[in-house]
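Examination of the molecular architecture
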Amino acid sequence: MSEQAPVQEAPASPPTELEKRFPGLVKHDERAGYEGHIVEIANLVEVATAIRDEMGYDFLSSVTAVDYYSEAPDAENFIEVVYHLYKSTGGGSLIYKVQVPRDNAVVPSLVPVYPGADFQEREAWDLYGVKFESHPDLRRILMWDGFQGHPMRKDWKEAYFEEEVKPFKNRWPEGQVYRIEDRNPFGKNVSYPAGFDPEGFQEIEDPNLYSSLERSAMEYVEDIDTEQVVVNLGPQHPSTHGVFRMAVRLDGETIVGLKPVMGYLHRNHEQIGERNTWIMNMPFTDRLDYLSSMSNNFGYALAVERLMGDKAAPPERAEYIRVLMAELTRISNHLWAIGFLLNDLGAFFTPALYAIEERELILDIFEATAGSRMMCNYFRFGGVARDLPEGILPKIKDLVQERLPRKVDELDLYLSQNELVRSRGEGVGVITPEDAIAFSASGPVLRASGVPYDIRRADPYSIYDRFKFDVAVRYHGDVYDRYMIRIDEIRQSLRIIQQVIKDMPGGEILNGKNPYQVRVPAGESYGRVESPKGELGFYIVSTGKANPHRYHVRAPSFINLTILEKMCVGQKIADVVVNLGSIDIVLGEVDR
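So, here's what we can say about the structure. The shown structure was predicted, so the numbers you read here are calculated from the model rather than taken from an experiment. Chains are numbered independently. Their residues run from 1 in the order of the written sequence. This being a predicted model, a pLDDT of at least 70 is required before a residue's local features are given, and a value of 80 or more before pairs of side-chain atoms are given or counted; all residues contribute to the totals for chains, interfaces and linings. In computing side-chain values, all of the structure's heavy atoms are included and hydrogens and water are not.

Cis geometry is found at the peptide bond from Lys166 to Pro167, where omega equals 0°. In DSSP terms, a helix is any run of H or I states spanning at least four residues, a strand is any run of E spanning at least two, and both are numbered starting from the N terminus. The residue Pro167 is located in the loop between β7 (131-133) and α4 (207-216) in this model. The phi torsion at Ser134 lies on the positive side, around 70°, for a residue other than glycine. Here Ser134 lies in the loop between β7 and α4. Its identity is not glycine, yet Arg592 carries a phi of approximately 50°, on the positive side. Along the chain, the position of Arg592 falls in the segment after α19 (587-591). For Arg592, a relative accessible area of 2% translates into the label buried. Burial here depends on accessible area, computed with a 1.4 Å probe over protein chains only, as a share of the maximum for the residue type. Under 20% is buried, over 50% is exposed, and the range in between is partly exposed.

Pasting the structure below:
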């Protein structure tokens, strides 16, 4: 059974601004290795509103739950909901939490204060059973409606549960490998709820989804009394970018309601992450945004290194290599995003192939360095797995100083002033800066709406504060600007890489040995990076053991979808696909 998080107290801290503002209602989290504040649950909405309006923390980055559960007789079992907030003008985080009993996990919803909490609260309800009072649409979001229980709770077990954490004893040290599902009489890793008859099951419509869709369309006023129609786009459709579905309510060709439906690819990445050892999770992060493996590695490494402290501080050369790989990843991702946005606009595959050709050259660099083109598994706690191979730096230099700038100029020349690209993009899917912040949008989606927020500048990590580059920003918040900002960002990434190559030092690439196993000090940590799609964050809780107690991914593809309905309502059905394409999602990260 999972260990309960440490309860030893750290030395008392002086009152913070938030504690002075709410004496007795907000207290500092005194657990050793923890930070932030614990808020009285009855005052959560009041405190959150003051934090937004009086203290300026207008960007809700992350909402997640943690289950502190143990079967020990004297254990204090509870569920904690953790909120990470930032200012859209930059700076560090403000963290606060509420704690509720496991058998009565009810928390006020913050959607009226921070609309970006919508999908994140639904995820906490789905996976942890935290009921958010006054949430406008509290339905399951990753599991199907008939799913029994809340699978991230520590006392939930799958059909043929084997062990709580890895490595499983039959693998190591015993070496007698078997699969638990091979040792059951049915030979299938499946179980059914009480009273469920699979033979007599008949699939029915999703009543909660369609009633929610109908409610969202009630504010629409029709000029002519016509019958509205519900259309499902996806899930198996190239224009939904994978196994993703949009349930759309139409008045003629005008969208009056839209609900994203996800979870078709869900494989409970976070549950796997809590059973793995710390180092085992690195290759699993590759599979999140499988187009941006190196950025995924980066975010997870930062989160763990912040708990490990100086013994995991990367050497200088490793820091430069990390930034190099992260910026090559950004270019690679944006080339793919531009190519497939053009597909969505109807220019089927010709522009995409030109963009993919350049991306392949970047993947050549990854393959030479990490041994893999897409699933790189390259970062390690305290550095990177191996040094750059001999002769690779001149190739990168030629690529970023000669070929890629020329090819990006060509894409810009042939596409940006194209009549169809402009007519289908300008004024379509507009997101105001106020809405972008309120709905927790990040990355190119946020910056294309006129908010110059980039974590590399707003809250620098690694060695980004050493480089000269501009935060790309556009001001119309439409599909066209979300396309253009990716062109802008490629150019800025090239600029960063040119400085990295010029200043690359020699020396070690890893702090200490490359360990098979690491021990992470007890506490909590949130590591975030500016991934190509937005803010990618990893919230981890350690009990000092070999496996995470909590491992949560703040996935930008998932959270950026929160605003999809708002940006589509009032648009035509033909615009839905380009709106979705301009967000640039990847389903491995949406569903996790």
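Past the structure itself, the notes keep going.
Note on pairing: two strands pair once DSSP finds at least 2 bridges between them. Reading across the sheet, the three strands line up as β15-β16-β17 and stay open at both edges, with antiparallel pairing between neighbours. The sheet is open, and its two edges are formed by β15 (523-531) and β17 (550-554), each paired on a single side. This sheet shows a mean twist of 10° between the axes of neighbouring strands, independent of strand direction. Where strand β16 (residues 534-542) and β17 come together, five bridges link them in antiparallel fashion. For Val541, the partnering residue across the bridge sits in β17 and is Arg550. Residue contacts follow a heavy-atom distance rule, with two residues in contact if any of their heavy atoms lie within 4.5 Å. Only C-alpha atoms enter the line fits that serve as axes; for helices the fit covers just the stretch in contact. Angles between N-to-C directions range over 0 to 180 degrees. Against the sheet, helix α7 (residues 293-308) touches β15, β16 and β17, its axis set at about 150° to β15.

Let's shift gears to the nonpolar core. As used in this record, nonpolar core signifies buried Ala, Val, Leu, Ile, Met, Phe, Trp, Tyr and Cys residues forming a set joined through side-chain atoms within 4.5 Å. Membership of the largest hydrophobic core comes to 160 residues, with the highest contact counts inside it found for Ile51, Tyr83, Tyr96, Tyr378, Leu561 and Leu564. Per-element accounting of this core gives the leading share, 13 residues, to helix α8 (residues 316-345). The residues that make up this core include at least three from each of domain 1 (1-143 + 146-157) and domain 2 (276-551 + 585-591). Those residues in contact with Leu564 that lie beyond four places of it in its chain are Phe244, Met246, Leu258, Pro260, Leu580 and Ile583. What marks off one domain from the next here is an automatic or database domain assignment.

Topologically, Arg122 is positioned in helix α3 (residues 118-128). Positive residues here are Lys and Arg, negative ones are Asp and Glu, while His and the chain termini are left out of the count. Any carboxyl oxygen of Asp or Glu within 4 Å of a side-chain nitrogen of Lys or Arg constitutes a salt bridge here. Although buried, Arg122 forms no salt bridge, and the nearest oppositely charged side chain, Asp137, lies 4.2 Å from it. Polar contact is defined as a pair of N or O atoms within 3.5 Å, subject to the rule that within protein one atom must be able to donate a hydrogen and the other to accept it, and that residues adjacent in sequence are counted only when both atoms are side-chain atoms. Polar contacts involving the side chain of Arg122 include one to the main-chain carbonyl oxygen of Arg140, which spans 3.0 Å.

With that settled, consider the pattern of salt bridges. Under the definition given, this model contains 47 salt bridges. With its nearest N and O atoms 2.7 Å apart, the salt bridge here joins Arg31 to Glu80. With Arg31 in the loop between β1 (26-28) and β2 (37-39) and Glu80 in strand β4 (residues 78-86), the pair connects residues that are 49 residues apart, well separated along the chain. Here Arg31 matches Glu80 in class, with each residue buried. Note that Arg447 and Glu530 form a salt bridge whose closest N and O atoms lie 3.0 Å from each other. Remark: Glu530 occurs in strand β15 and Arg447 occurs in helix α13 (residues 444-447); sequence separation between them is 83 residues. The burial state of Arg447 is the same as that of Glu530; both residues are buried. The network of salt bridges with common partners includes Glu327, Arg330, Arg447, Asp454, Arg456, Glu489 and Glu530.

A few words on a nonpolar patch on the surface. Within the patch definition used here, like charges are joined within 9 Å and nonpolar side chains (Val, Leu, Ile, Met, Phe, Trp, Tyr) within 5 Å, considering only residues with over 30% relative accessible area and no salt bridge. Areas reported as accessible are Shrake-Rupley estimates using a 1.4 Å probe. Residue values count occlusion only from the protein chains shown. On the surface, Trp144, Tyr192, Phe196 and Phe201 cluster together into a nonpolar patch covering about 460 Å² of accessible area. Of note, Tyr192 is situated in the loop between β7 and α4. Since its relative accessible area comes to 49%, Tyr192 is described here as partly exposed.

So, on to the packing of α8 against helix α18 (residues 573-583). Running from amino to carboxyl end, α8 crosses α18 at an angle of 175°, the nearest separation of the two axes being 9 Å. Relative to α18, the element α8 is oriented roughly antiparallel. Between α8 and α18, the residues in contact are Leu341, Asp344 and Leu345 and Val577, Val578, Gly581 and Ser582, respectively. Residue classes in the contact of α8 with α18 are distributed as four nonpolar, two polar and one charged. Orientation categories follow fixed angle ranges, with anything under 35 degrees roughly parallel, anything over 145 roughly antiparallel, 65 to 115 roughly perpendicular, and all other angles oblique. Under the convention adopted here, Pro, Cys and the residues Ala, Val, Leu, Ile, Met, Phe, Trp and Tyr are nonpolar, Asp, Glu, Lys and Arg are charged, and Gly plus all remaining residues are polar.

Moving on: the packing of α8 against helix α10 (residues 392-415). The description of two helices packed together rests on the angle between their axes and the distance between the axes. Closest axis-to-axis distance for the α8/α10 pair is 13 Å, and the angle between their directions is 25°. One element, α8, and the other, α10, form an angle in the roughly parallel class. Here α8 and α10 pass one another in a crossing that is left-handed. Two secondary-structure elements touch here, α8 through Leu324, Leu328, Ile331, Leu335, Ile338 and Leu342 and α10 through Ile396, Val400, Leu404, Leu411 and Leu415. Whether a crossing is left-handed or right-handed is set by the direction in which the near helix is turned from the far one by less than a right angle, anticlockwise for left-handed and clockwise for right-handed.

Next up on the list: α10. The bend reported for a residue corresponds to the angle between axes fitted to the seven residues ending at that residue and the seven starting there. Its axis deflected by about 40° at Leu399, α10 carries its strongest bend there. What α10 keeps buried is the set Ile392, Ile396, Leu399, Val400, Leu404, Val408, Leu411, Asp412 and Leu415. On its buried side, α10 packs onto α8, α9 (350-370), α11 (419-425) and α15 (479-503).

Taken in spatial order, the five strands line up as β1-β2-β5-β4-β3 in an open sheet, and their pairing is mixed. The sheet is open, and its two edges are formed by β1 and β3 (59-68), each paired on a single side. When strand polarity is set aside, the average angle formed by the axes of neighbouring strands in this sheet is 25°. Direction of pairing for β1 relative to β2: antiparallel, over a ladder of three bridges. In the sheet register, His28 faces β2, and the bridge partner there is His37.

By themselves these figures say nothing about function.
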